[in-house]
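# Coordinates in review
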Amino acid sequence: MKLLEGKTVIITGASRGIGKGIAEVFADHGANIAFSYNSSVEAANELENELSSRGVKVKGYKSNAADYEQAQSLAEAVVKEFGSIDVLINNAGITKDNLLMRITEEDFDKVIEVNLKSVFNMTKAVQRTMLKQRKGSIINMSSVVGVKGNAGQTNYAASKAGILGFTKSVALELGSRNIRCNAIAPGFIETEMTAKLDDQVVQGWRDAIPLKRGGSPEDVANACLFLASDMSAYVTGQVLNVDGGMLT
Ligand code: NAP
C-alpha cells in the first residue's frame, strides 16, 4: 500500500544522509518531492534523476534554510510547481562541536541559525498554504541530544531542544486547523559521514545501544512515513525517539 500517493512533500537537506533516505522511502510511497540542499549540486541532481525514474515528480532546490527570505521563496516556488504542500520535513542540520570553554560565538550562532531558525523560517513559509488546505503534517528533526544533552555539543543540544518547544507550540497553535506537528529524535544513525570514523569507536557505540546496532536513514524515514501519512491522523505534539532504545 502506498501511503503518500499524490501528496507533495518538502524535505530540507536531502542531498545526502537521513534526508536522502526519507526522499527515497517517500518516493516509493508515491509522494511528489521538493527537496532542498545547501551546496551539493551534483548529489542533488543525481537524487533528482534517481527518484524521477520511480514515477514521481521530484525537484531539488539550492536554498539555504537558515535564510528567512530564501525559505519563503522556496515555499512559493514549490506551490507554483507542485500545486500544494501537504508535508514539511525540517531535516537540514549541522554540527560545530566544541567544549563550552572553546566554542566561539560564531559557531554557537551558526548552529542555532541552521538547525533552529530554519525550522521557524520554513514553518512560517508553509503555514498559509496548509491553513488554506485545512490539512498538513510538519515533522521536525531533533535528536536524542536535544532530549538528553551532550558534553561538547551545547550549541547543537540547545538547537535540538529548541525544536522540541517549537514543535509542541505549533501543535497547540495549529491543531484546530488540522495541521499536525511532531518531532523525531534520532539516536546514532549510520551515514556516509559515520562510515569515515574509526570502526572500533563506532562498534563501541553500537554495543551500548539496546538493539545492538546503529540506525539507518531508512529507520528514520519509516518513522517520518508514519508521521507524514494519515496513519498518524490523531498524533500531534509528540517526540518520537528513533534510537534503538538508547534513551530507555
Ligand atoms: P548530513 O549527512 O550532514 O546531511 C545534512 C543535509 O542538510 C545535507 O543535505 C546538507 O546539504 C543539508 N544542509 C546543511 N545546511 C543546510 C542549510 N543551511 N540549508 C539547507 N540545507 C542544508 O546530516 P544527517 O546525519 O543526515 O542529519 C540530518 C538531520 O538529522 C540533522 O538535522 C541532524 O542534526 C539530525 N540527526 C542526525 C543524527 C545522525 O546520527 N546522523 C542523529 C540525530 C539527529 P549539502 O549536502 O548541500 O551540504
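Residues numbered from 1 in each chain as written. Predicted model: local features only at pLDDT ≥ 70, side-chain atom pairs only at ≥ 80, totals over all residues. Heavy atoms only, no water.

### Quick notes on the pattern of salt bridges
Following the criterion strictly, the structure yields eight salt bridges and no others. In this structure, the salt-bridge partner of Arg 206 is Glu 190, at a minimum N-O distance of 2.8 Å. With Arg 206 in helix H8 (residues 199–207) and Glu 190 in the loop between strand E6 (179–186) and helix H7 (192–195), this residue pair connects regions lying 16 residues apart in the sequence. For Arg 206, a relative accessible area of 16% corresponds to the buried category. By sharing partners, the salt bridges in this structure join Lys 7, Lys 135 and Asp 230 into a single network. (Salt bridge = Lys/Arg side-chain N within 4 Å of Asp/Glu carboxyl O. Helix = DSSP H or I, 4+ residues; strand = E, 2+ residues; numbered from the N terminus. Buried < 20%, exposed > 50% of the residue type's maximum accessible area, 1.4 Å probe, protein only.)

### Thoughts on the site of the ligand
Close to the ligand lie 27 residues; Ser 15, Ile 18, Ser 39, Ser 40 and Tyr 156 are nearest. Here Ser 15 contributes a side-chain N or O atom positioned 2.7 Å from an oxygen atom of the ligand. For the ligand, an oxygen atom lies 2.7 Å from a polar atom in the backbone of Asn 91. Out of a free accessible area of 900 Å², the ligand has 91% covered by protein chains. At the level of elements, helix H1 (17–28) and helix H6 (154–174) are the ones that each hand at least two residues to the shell around the ligand. In terms of residue class, the shell around the ligand is built from 12 nonpolar, 13 polar and two charged. (Near = heavy atom within 4 Å. Polar contact = N/O pair within 3.5 Å; in protein donor to acceptor, adjacent residues only side chain to side chain. Areas by Shrake-Rupley, 256 points an atom, 1.4 Å probe, with all protein chains shown as cover. Nonpolar A, V, L, I, M, F, W, Y, C, P; charged D, E, K, R; others polar.)

### Things to note about the side chain of Gln 72
Its place among the elements puts Gln 72 in helix H3 (residues 68–82). By relative accessible area, which is 16% here, Gln 72 ends up buried. Beyond its immediate sequence surroundings of up to four residues, Gln 72 is in contact with Asn 121, Lys 124 and Ala 125. (Contact = heavy atoms within 4.5 Å.)

### A few points about the UniProt feature "domain: Ketoreductase" (unreviewed entry) in the protein chain
Per the UniProt record, "domain: Ketoreductase" (unreviewed entry) is found at residues 7–175. Span residues 7–175 is 56% helix and 15% strand, its end C-alpha atoms 20 Å apart. (UniProt positions renumbered as here; feature names shortened; annotations may be inferred.)

### Considerations on the packing of aromatic side chains
In total, this model carries three aromatic pairs according to the counting rule given. Between Phe 188 and Trp 205, the ring centres sit 5.1 Å apart and the planes meet at 80 degrees, which makes this aromatic pair edge-to-face. You can see Phe 188 sitting in the loop between E6 and H7 and its partner Trp 205 sitting in helix H8, a full 17 residues away along the chain. Between the NZ or CZ atom of Lys 57 and the centre of the ring of Phe 82, over which it lies, the distance is 5.2 Å. (Phe/Tyr/Trp six-rings, centres within 6.5 Å; stacked < 30°, edge-to-face > 60°. Lys NZ or Arg CZ within 6 Å of the ring centre and 35° of its normal.)

### Observations regarding the layout of surface pockets
Each pocket or cavity is described by its volume, and for the second largest pocket that value is around 310 Å³. Tyr 68, Gln 72, Ala 75, Glu 76, Val 79, Lys 124, Ala 125, Gln 127, Arg 128, Thr 129, Leu 131 and Lys 132 together form the lining of the second largest pocket. Top element by residues in the lining of the second largest pocket is helix H4 (residues 105–133). It accounts for seven residues. Looking at side-chain class alone, the lining of the second largest pocket contains five nonpolar, three polar and four charged residues. (1 Å grid on protein atoms, 1.4 Å probe; cavity = no way out; pocket = protein on both sides within 12 Å on 5 of 7 lines; lining within 4 Å. Points joined across faces, edges and corners; volume = space filled by probe spheres on them.)

### Description of the nonpolar core
Counting 33 residues, the largest nonpolar core has Phe 26 and Ile 89 as the members making the most contacts within it. Among the elements of the structure, strand E1 (8–11), H1, strand E2 (32–37), helix H2 (41–52), strand E4 (87–90), strand E5 (136–141) and helix H9 (217–228) are those that each provide at least two residues to this core. Broken down by element, this core gets its largest block of residues, seven residues, from H9. Apart from the residues lying within four places of it in its own chain, the contact partners of Ile 89 are Val 9, Ile 10, Ile 11, Thr 12, Ile 22, Phe 26, Ile 139, Met 141 and Cys 224. Core analysis: the second largest hydrophobic core is formed by 20 residues, Val 78, Val 126, Ile 138 and Ile 179 among them. (Core = buried A, V, L, I, M, F, W, Y, C linked by side-chain atoms within 4.5 Å.)

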